[in-house]
Amino acid sequence: MSIDGDQSWVARALCAQDEPDALFVQGAAQRQVRQRCYACEVRLECLADALNSQANFGVWGGLTERERRALLKYLPDVEDWKEWLEESPNELAEELRSPRTPRVLAHVRANPQPYETVSRQAS
């Protein structure tokens, strides 16, 4: 796994001036934090960084720890999450790129075999 060495995006994050504890909430409070993420210009960089580093706690890039764990388990072969988030034709990647809250867990449950795996098997 490669972690993006350029962390300049962090200063542009909407949450950069917030107390760090504000991002490490549980339950219903996560919805409020997530909504703020979807207005942030660096949301995908944040999410890619959290996925590349396998961040275990908090809301990052609009996803909870549970959603990120599900995504990592669902797509274990992704080596560069920034590239995947920005370029993959995968339906879930397209949903994550959109400015609305994605349904990661519902997608993973409904599609037990990811697009990349299916396309590799067809080759």
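That block above? That's the structure.
The shown structure was predicted, so the numbers you read here are calculated from the model rather than taken from an experiment. (Residues numbered from 1 in each chain as written. Predicted model: local features only at pLDDT ≥ 70, side-chain atom pairs only at ≥ 80, totals over all residues. Heavy atoms only, no water.)

## Things to note about the overall build of the protein chain
- Scanning the protein chain from N- to C-terminus turns up seven helices and zero strands.
- Along the chain direction, N to C, the helices and strands of the protein chain fall in the order α-α-α-α-α-α-α.
- Burial status across the protein chain gives 41% buried among its 123 residues.
- Sequence separation of at least 24 residues holds for 58% of the intrachain contacts in the protein chain that already meet a minimum separation of 6.
- As presented, the protein chain carries roughly 7400 Å² of accessible surface, and 50% of it is formed by carbon and sulfur atoms. (Helix = DSSP H or I, 4+ residues; strand = E, 2+ residues; numbered from the N terminus. Buried < 20%, exposed > 50% of the residue type's maximum accessible area, 1.4 Å probe, protein only. Contact = heavy atoms within 4.5 Å. Areas by Shrake-Rupley, 256 points an atom, 1.4 Å probe, with all protein chains shown as cover.)

## Focus on the layout of surface pockets
- In this structure, the largest pocket occupies an estimated 370 Å³ of space.
- The wall of the largest pocket is formed by 23 residues, among which A13, C15, A16, L23 and C46 lie closest to the centre.
- Of all the elements in the fold, those that place two or more residues in the lining of the largest pocket are α1 (29-37) and α2 (43-53).
- With four residues, the single largest contributor to the lining of the largest pocket is α1.
- Its residues assigned to classes, the lining of the largest pocket comprises 17 nonpolar, two polar and four charged. (1 Å grid on protein atoms, 1.4 Å probe; cavity = no way out; pocket = protein on both sides within 12 Å on 5 of 7 lines; lining within 4 Å. Points joined across faces, edges and corners; volume = space filled by probe spheres on them. Nonpolar A, V, L, I, M, F, W, Y, C, P; charged D, E, K, R; others polar.)

## Concerning the packing of α2 against helix α3 (residues 65-74)
- Packing of α2 against α3 brings their axes to within 10 Å, and their N-to-C directions diverge by 65°. Looking at the two axes, α2 sits roughly perpendicular to α3. In this structure, α2 crosses over α3, and the sense of that crossing is right-handed. For the pair formed by α2 and α3, the contact residues are L47, A50 and L51 on the first element and R68, L71 and L72 on the second.
- For the contact of α2 with α3, the residue count by class is five nonpolar, no polar and one charged. (Axes fitted to C-alpha atoms, helices over the stretch in contact; angles between N-to-C directions. Parallel < 35°, antiparallel > 145°, perpendicular 65-115°, else oblique. Left-handed = near helix turned anticlockwise from the far one by under 90°.)

## Considerations on unusual backbone geometry
- One non-glycine residue, Q54, lies in the positive phi region at around 55°.
- Mapping Q54 onto the fold places it in the loop between α2 and α3.
- Exposure remark for Q54: the relative accessible area of 37% places this residue in the partly exposed category.

## Some words on the packing of aromatic side chains
- For the coordinates displayed, the defined rule picks out two aromatic pairs.
- Judged by centre distance (5.3 Å) and plane angle (75°), the ring pair of W81 and W84 falls under edge-to-face. Of this pair, W81 and W84 both sit in helix α4 (residues 81-87), three residues apart, roughly one helical turn.
- The exposure class of W84 is buried, given its relative accessible area of 6%. (Phe/Tyr/Trp six-rings, centres within 6.5 Å; stacked < 30°, edge-to-face > 60°.)

## Topic: α3
- Among the residues of α3, those classed as buried are E65, E67, R68, A70, L71 and Y74.
- For α3, the elements touching its buried residues are α1, α2, α4, α5 (91-97) and α6 (104-110).

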